Amino acid sequence: MSLQEQAASFISTCYQELGIDATTLGDRLQQVKVEIEETGTYTHTYEELVHGAKMAWRNSNKCIGRLFWETMNVFDAREVKEESEVFNTLKNHMTFATNEGRIRPTITVFAPEKDGKAPVRVINHQLARYAGYEHPDGTVIGDPDSIAFTKLCQDLGWQGKGSAFDLLPIVIKLDSTLVLQEFESDIVLEVPFEHPEEPSFKELDLKWYAVPAISDMQLEIGGITYPTAPFNGWYMGTEIGARNLADSFRYDKLKEVAEVFHLDTSKTSALWKDRALVELNRAVLHSFQENRVSIVDHHTAAEQFRKFQQREERAEREVTGDWTWLIPPVSPAATHIFHQGFKNEEKSPNFFYQDKLYD
Ligand code: HEM
Ligand SMILES: N=C(Nc1cccc(CNC[C@@H]2CCCN2)c1)c1cccs1
């Protein structure tokens, strides 16, 4: 589709959903048409940007958390250009979103692509994430998923403490230069893990950061690409307990958890991995709740997704989805999602992967 067509399609749908009258819509469509003819692109109004970002969340096929799409907070950072301003805007995002634990789903939209180039890029996968250190003998300390990015930070002069939970600095690209800055330690809230029944669980010294904030995807609205639009929600417990801390290629903690509960790990048929997974996930949910930090268990999340499906039905919009991502990694068949199919059609506005600027 041409930019003209993408723009007209988005603006018509956006104004219809916002209940804006046909005359205003007609005037806006004409204005956009002229702007594209004269400049090759067009600029969204604040209202179009806000609703477009919410529509992108609503269209995210891999997201189980879409019930709350209309409540997202949108910060317009399209005029933010200076290095110090970019870092400040990112810190303000994290502080606002964290909200002392009552996490607020938030997106900050920086300047759109101009002549195919991004004015600013955040290199981090997430605003908060732990470093990964690969030692010469092959042992890994920290998050294996962060090894390459940690090396990039070290090449840029960053020194980590070398622990398994070192928070990484923010790295941005401005005018083809990479610049890095640490978050002040009080900006990133973390939750230490304890188990609701087993006191010795805390000796595993496990913890995780409170706010998942994806900073490396691009936002596309009506044919305009925003390469930097970091967005956060709250965690679903299984992301931490069944993947980040459990995957053999991540923190690989299931054996240690099994030993805390004196499980027989000599034969798989004792289902010790399954029992360790449940106890680790219970510890994650219990610890977030004890610290009054927002989190959702996968059963509640599935129920919320069912409500989202019902509301979309009433709005006469088809819910598209990617079943392979929507089912939770623990007890998937215990949710309704497992027992139905989804059309994995890509709607717009939406979020997309983009080129990683490091290998
Ligand atoms: C409010 C709480 C939210 C919860 C509990 C939630 C839950 C999830 C989960 C569990 C995933 C799968 C992640 C994985 O397996 O790695 C996911 C994916 C995704 N979510 Fe949500 N989400 C929330 C809010 C949001 C928001 C605010 C946005 C954007 C505005 C969003 C956009 C997405 C996208 C684009 C993906 C796919 C990411 C990819 O392709 O790698 N979600 N969500
Ligand atoms: N709860 C969340 N989880 C989430 C959402 C999107 C993407 C991701 C990260 N997915 C990639 C990771 C890294 C390897 C496999 N999973 C996490 C949210 C992050 C931002 C808003 S909600």
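Throughout, residues of each chain are indexed from 1 in the direction in which the sequence is written. Labels are handed out in written order, letters beginning with A for the chains and numbers beginning with 1 for the ligands. Owing to the predicted nature of the model, reporting of local features is limited to residues with pLDDT of at least 70; listing and counting of side-chain atom pairs is limited to 80 or more, with chain, interface and lining totals taken over all residues. Values shown for side chains rest on all heavy atoms present in the structure; no hydrogens or waters enter the calculation.

This brings us to the coordination of the iron atom of ligand 1. Among protein residues, the single donor to the iron atom of ligand 1 is Cys63 (SG), with a metal-donor distance of 2.4 Å. Note on conventions: DSSP H or I runs of at least 4 residues are helices, E runs of at least 2 residues are strands, and numbering of each starts at the N terminus. Within the secondary structure, Cys63 sits in the loop between helix H3 (46-58) and strand E1 (73-77). The donor set comprises N, O and S atoms within 2.8 Å of the metal, extended to 3.2 Å for Na, K and Ca; water molecules are omitted, so apparent gaps in a site may simply reflect that omission.

Nonpolar core, defined: a set of buried Ala, Val, Leu, Ile, Met, Phe, Trp, Tyr and Cys residues in which side-chain atoms within 4.5 Å join the residues together. Any residue under 20% of the maximum accessible area for its type is buried, any over 50% is exposed, and the rest in between are partly exposed; the area is computed with a 1.4 Å probe on protein chains only. The biggest cluster of nonpolar side chains holds 50 residues, and the ones touching the most others in it are Ile172, Phe193, Phe201 and Trp208. Only helix H4 (83-98), strand E3 (120-122), strand E6 (170-174), strand E9 (207-209), helix H7 (254-260) and helix H8 (272-290) provide two or more residues apiece to this core. It is H8 that contributes the most residues to this core, seven residues altogether. Grouped together as the second largest cluster of nonpolar side chains are 43 residues, Cys14, Trp69, Leu326 and Phe351 included.

In this section: the site of ligand 1. Whether a residue is near a molecule or strand is decided by its heavy atoms; if any one of them lies within 4 Å of it, the residue is near. Lining the immediate surroundings of ligand 1 are 17 residues, of which Trp57, Lys62, Cys63, Phe231 and Tyr353 lie closest. A distance of 3.4 Å is found between a nitrogen atom of ligand 1 and a side-chain nitrogen or oxygen belonging to Trp57. A breakdown of the residues in the shell around ligand 1 according to their chemical character gives 12 nonpolar, three polar and two charged. Counting of polar contacts relies on pairs of N or O atoms within 3.5 Å, with two restrictions inside protein: one atom must be capable of donating a hydrogen and the other of accepting it, and residues adjacent in sequence are counted only when both atoms are side-chain atoms. Note that Gly is not counted as nonpolar here; it falls among the polar residues with everything else outside the nonpolar set of Ala, Val, Leu, Ile, Met, Phe, Trp, Tyr, Cys and Pro and the charged set of Asp, Glu, Lys and Arg.

The next point concerns the packing of helix H1 (residues 3-17) against helix H2 (residues 22-39). Fitted lines through C-alpha atoms serve as axes, helices being fitted only where they are in contact, and the angles separating the N-to-C directions of these axes extend from 0 to 180 degrees. Closest axis-to-axis distance for the H1/H2 pair is 10 Å, and the angle between their directions is 160°. What the angle tells us is that H1 and H2 run roughly antiparallel. Two packed elements cross with a definite hand, and for H1 against H2 that hand is right-handed. Here Leu3, Gln4, Ala7, Ala8, Ile11, Ser12 and Tyr15 of H1 lie close against H2, whose contacting residues are Thr24, Leu25, Arg28, Leu29, Val32, Lys33 and Ile36. Looking at the contact of H1 with H2 residue by residue, the class counts come to nine nonpolar, three polar and two charged. Any angle that falls under 35 degrees is termed roughly parallel, while one over 145 is termed roughly antiparallel, one within 65 to 115 roughly perpendicular, and all others oblique. Crossings are assigned a handedness: left-handed for a near helix turned anticlockwise from the far helix by less than a right angle, right-handed for a clockwise turn. Contacts: residue pairs with any heavy atoms within 4.5 Å of one another.

A separate point is the sheet that holds strand E11 (residues 218-221). Spatial strand order, E12-E11-E16: three strands in an open sheet with antiparallel pairing. Of all the strands in the sheet, just strand E12 (224-226) and strand E16 (350-352) have a single pairing partner and so form its edges. Neighbouring strand axes in the sheet, compared pairwise and without regard to direction, differ in orientation by 30° on average. Of the strand pairs in this sheet, E11 and E12 are connected by three bridges, and their pairing is antiparallel. For two strands to count as paired, DSSP must find a minimum of two bridges between them.

In this structure, Pro349 follows Ser348 across a cis peptide bond, with omega equal to 0°. Along the chain, Pro349 turns up in the loop between helix H10 (323-326) and E16. Notably, Arg292 is not glycine yet its phi reads approximately 55°, a positive angle. Mapping Arg292 onto the fold places it in the loop between H8 and strand E15 (295-296). Overall, Arg292 belongs to the exposed group, its relative accessible area being 67%. For Glu316, which is not glycine, the phi dihedral falls at a positive 60°. Among the secondary structure elements, Glu316 is positioned in the loop between helix H9 (298-314) and H10. A relative accessible area of 74% means that Glu316 is categorised as exposed.

A few words on the site of ligand 2. Taken together, His125, Arg129, Asp145, Pro212, Ile214, Phe231, Asn232, Gly233, Trp234, Tyr235 and Glu239 make up the full set of residues adjacent to ligand 2. Within the contact set of ligand 2, a nitrogen atom lies 3.0 Å away from a backbone nitrogen or oxygen of Trp234. In the model, a nitrogen atom of ligand 2 is placed 2.6 Å from a nitrogen or oxygen of the Glu239 side chain. Method for areas: the Shrake-Rupley scheme with a 1.4 Å probe, in which residue coverage is limited to the protein chains shown. Bound to the protein, ligand 2 loses 68% of the 520 Å² it would expose on its own.

Moving on, we come to the side chain of Thr335. Of note, Thr335 is situated in the loop between H10 and E16. For Thr335, a relative accessible area of 4% corresponds to the buried category. Separated by 2.8 Å, the side chain of Thr335 and the backbone oxygen of Pro332 make a polar contact.

Another aspect to go through is H4. Taking 1.5 Å per residue, 16 residues should reach 22 Å; H4 reaches 23 Å between its end C-alpha atoms and fits that length. Among all positions of H4, only Val86, Phe87, Thr89, Leu90, Lys91, His93, Met94, Ala97 and Thr98 are buried. Positioned one or two residues after H4, Asn99 has a phi angle of 50°, which is positive. An expected span of 1.5 Å times one less than the residue number is assigned to each helix.

To continue, consider the packing of aromatic side chains. The geometry of an aromatic ring pair is captured by two quantities: the separation of the ring centres and the angle between the planes. Aromatic rings from Phe, Tyr and Trp, with only the six-membered ring used for Trp, were paired whenever their centres fell within 6.5 Å, and each pair was classed as stacked if the ring planes differed by under 30 degrees, edge-to-face if by over 60, and tilted otherwise. The full count for this structure, using the stated rule, is 15 aromatic pairs. On the numbers, 5.4 Å between centres and 65° between planes, the contact of Tyr130 with Tyr209 is edge-to-face. Of the two residues, Tyr130 is situated in the loop between E3 and strand E4 (132-134) and Tyr209 in strand E9; the sequence distance between them amounts to 79 residues. Judged on exposure class, the residue Tyr130 and its partner Tyr209 are both buried. Here Lys62 stacks its cationic end above the ring of Trp325, 4.4 Å away from the centre of that ring. Remark: a charge is flagged as sitting over a ring if the NZ atom of Lys or the CZ atom of Arg is within 6 Å of the ring centre and within 35 degrees of the ring normal. It is Arg104 that lies over the ring of Phe96; its NZ or CZ is 3.7 Å from the centre.

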